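Chain and residue survey
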Amino acid sequence: MQDVGVDAATFQGFLETARRELDLMTGELEQAVGGEEREQAARIARTLGSVCTSVGAHRAAARARELAVACGMDKGVRTAHAAFVRERDHLVMLMDQRFGRSS
């Protein structure tokens, strides 16, 4: 990281903030999907996609975008949600390994 001018402590803080946001927003997403609030779920999914993209988690970001589209079409929401959750769980596991803690 230092080779490209990134301070390790700053980057660590950035990842920890992203990890907290993933937790908070995933809880909101669960409520929106469970309550069939499709517009809200789509908004949250798009934001989660941005968080995932910012940390380089492109597969999770793609699943979040697919979920947002499914919510907009009101078709395949549960399947798209499950696919996002799988990718999100994998991302969280990797981030927790990086931080040296368990999920």
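Look up: the structure comes first, before these words.
First things first, this report covers the structure right here in the doc. In this text, all values refer to a predicted model and were calculated from it rather than measured experimentally.

Scanning the protein chain from terminus to terminus reveals four helices and zero strands. Out of the 103 residues in the protein chain, the part that is buried amounts to 38%. Contacts in the protein chain between residues at least 24 apart in sequence constitute 57% of all its contacts with a sequence separation of at least 6. Accessible surface, the protein chain as shown: approximately 6100 Å² in total, 52% of it carbon and sulfur. Here the protein chain holds 14 positive side-chain charges and 15 negative ones, and the gap between their average locations is 4 Å.

Residues other than glycine seldom take positive phi values, yet Glu36 does so here, at roughly 55°. By the element assignment, Glu36 lies in the loop between α1 (8-34) and α2 (38-54). Residue Glu36 is classed as exposed on the basis of its relative accessible area, which comes to 55%. Notably, Asp74 is not glycine yet its phi reads approximately 55°, a positive angle. Among the structural elements, Asp74 can be located in the loop between α3 (58-73) and α4 (77-99).

By the secondary structure assignment, Arg88 is in helix α4. On the basis of relative accessible area, Arg88 is assigned to the buried category, the value being 11%. Residues within four places of Arg88 in sequence aside, it is in contact with Arg19, Leu22, Asp23 and Thr26.

If you look at the biggest cluster of nonpolar residues, it comprises 28 residues, and the most contacted ones within it are Leu29, Cys52 and Leu67. Going through the elements one at a time, α1, α2, α3 and α4 are the ones with two or more residues in this core. Residue contacts for Cys52: discarding those within four places in its chain leaves Leu22, Ala57, Ala60, Ala61, Phe84 and Leu91.

As for its placement among the helices and strands, His81 is situated in helix α4. Assessed through its relative accessible area of 11%, His81 is described here as buried. Excluding residues within four positions of it along the chain, His81 makes contact with Leu29, Glu30, Val33 and Leu67.

Rules used in this analysis
Residues numbered from 1 in each chain as written. Predicted model: local features only at pLDDT ≥ 70, side-chain atom pairs only at ≥ 80, totals over all residues. Heavy atoms only, no water. Helix = DSSP H or I, 4+ residues; strand = E, 2+ residues; numbered from the N terminus. Buried < 20%, exposed > 50% of the residue type's maximum accessible area, 1.4 Å probe, protein only. Contact = heavy atoms within 4.5 Å. Areas by Shrake-Rupley, 256 points an atom, 1.4 Å probe, with all protein chains shown as cover. Lys, Arg positive; Asp, Glu negative; His and termini not counted. Charge placed at Lys NZ, Arg CZ, Asp CG, Glu CD. Core = buried A, V, L, I, M, F, W, Y, C linked by side-chain atoms within 4.5 Å.

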